[in-house]
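What the coordinates show
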Amino acid sequence: MAKRRGNPNWGKPEPIGPVVPTVTSFEQIVKEYKLTPDQYVRSTRLREWARRNRNSKYIPEALLEAWGFEIESTL
């Protein structure tokens, strides 16, 4: 018998599993620093983290604008 080649599941829909929520780096840092949303703009530690990571991590645009940071666009 000849060896079958290729993916036997090609064209079949992928099984849909439960959607697992992911936590962003920003959310992890906020939790680590124990900040509430009204403390974000005043936090110097969060601002410094955002300054270092603004071009590689998700940071809400409203915060970046409040701090006066410019974002490098890769598009």
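Just so we're clear, the structure is a prediction, and the values are computed from it rather than from any experiment.

Another aspect to go through is the overall build of the protein. Each helix and strand counted, the protein has 3 helices and 0 strands in total. Against the 2.2 N^0.38 benchmark of 11 Å for 75 residues, the protein shows a C-alpha radius of gyration of 21 Å, more extended than a compact globule. Overall, the C-alpha framework of the protein stretches about 70 × 30 × 15 Å when taken along its three principal axes. Taken across its 75 residues, the protein has 23% of its residues classed as buried. Across the protein, every contact between residues at least 6 apart in sequence was considered, and the portion connecting residues at least 24 apart equals 24%. Of the roughly 7000 Å² of accessible surface on the protein, a fraction of 53% belongs to carbon and sulfur atoms. Distance between charge centroids for the protein: 12 Å, based on 13 positive and 9 negative side chains.

As a further point, take the nonpolar core. In this structure, Phe 26, Tyr 40, Leu 46, Trp 49, Ile 59 and Leu 63 are the most contacted members of the largest nonpolar core, which totals 14 residues. The set of elements that each furnish at least two residues to this core consists of helix H1 (25-33), helix H2 (44-53) and helix H3 (61-67). With 4 residues, H1 is the single largest residue contributor to this core. Once you skip the residues sitting within four places of it in the chain, Trp 49 turns out to touch Ser 25, Phe 26, Ile 29, Tyr 33, Lys 57, Tyr 58 and Ile 59.

Rules used throughout
Residues numbered from 1 in each chain as written. Predicted model: local features only at pLDDT ≥ 70, side-chain atom pairs only at ≥ 80, totals over all residues. Heavy atoms only, no water. Helix = DSSP H or I, 4+ residues; strand = E, 2+ residues; numbered from the N terminus. Rg over C-alpha atoms; globule rule 2.2 N^0.38 Å. Buried < 20%, exposed > 50% of the residue type's maximum accessible area, 1.4 Å probe, protein only. Contact = heavy atoms within 4.5 Å. Areas by Shrake-Rupley, 256 points an atom, 1.4 Å probe, with all protein chains shown as cover. Lys, Arg positive; Asp, Glu negative; His and termini not counted. Charge placed at Lys NZ, Arg CZ, Asp CG, Glu CD. Core = buried A, V, L, I, M, F, W, Y, C linked by side-chain atoms within 4.5 Å.

By themselves these figures say nothing about function.
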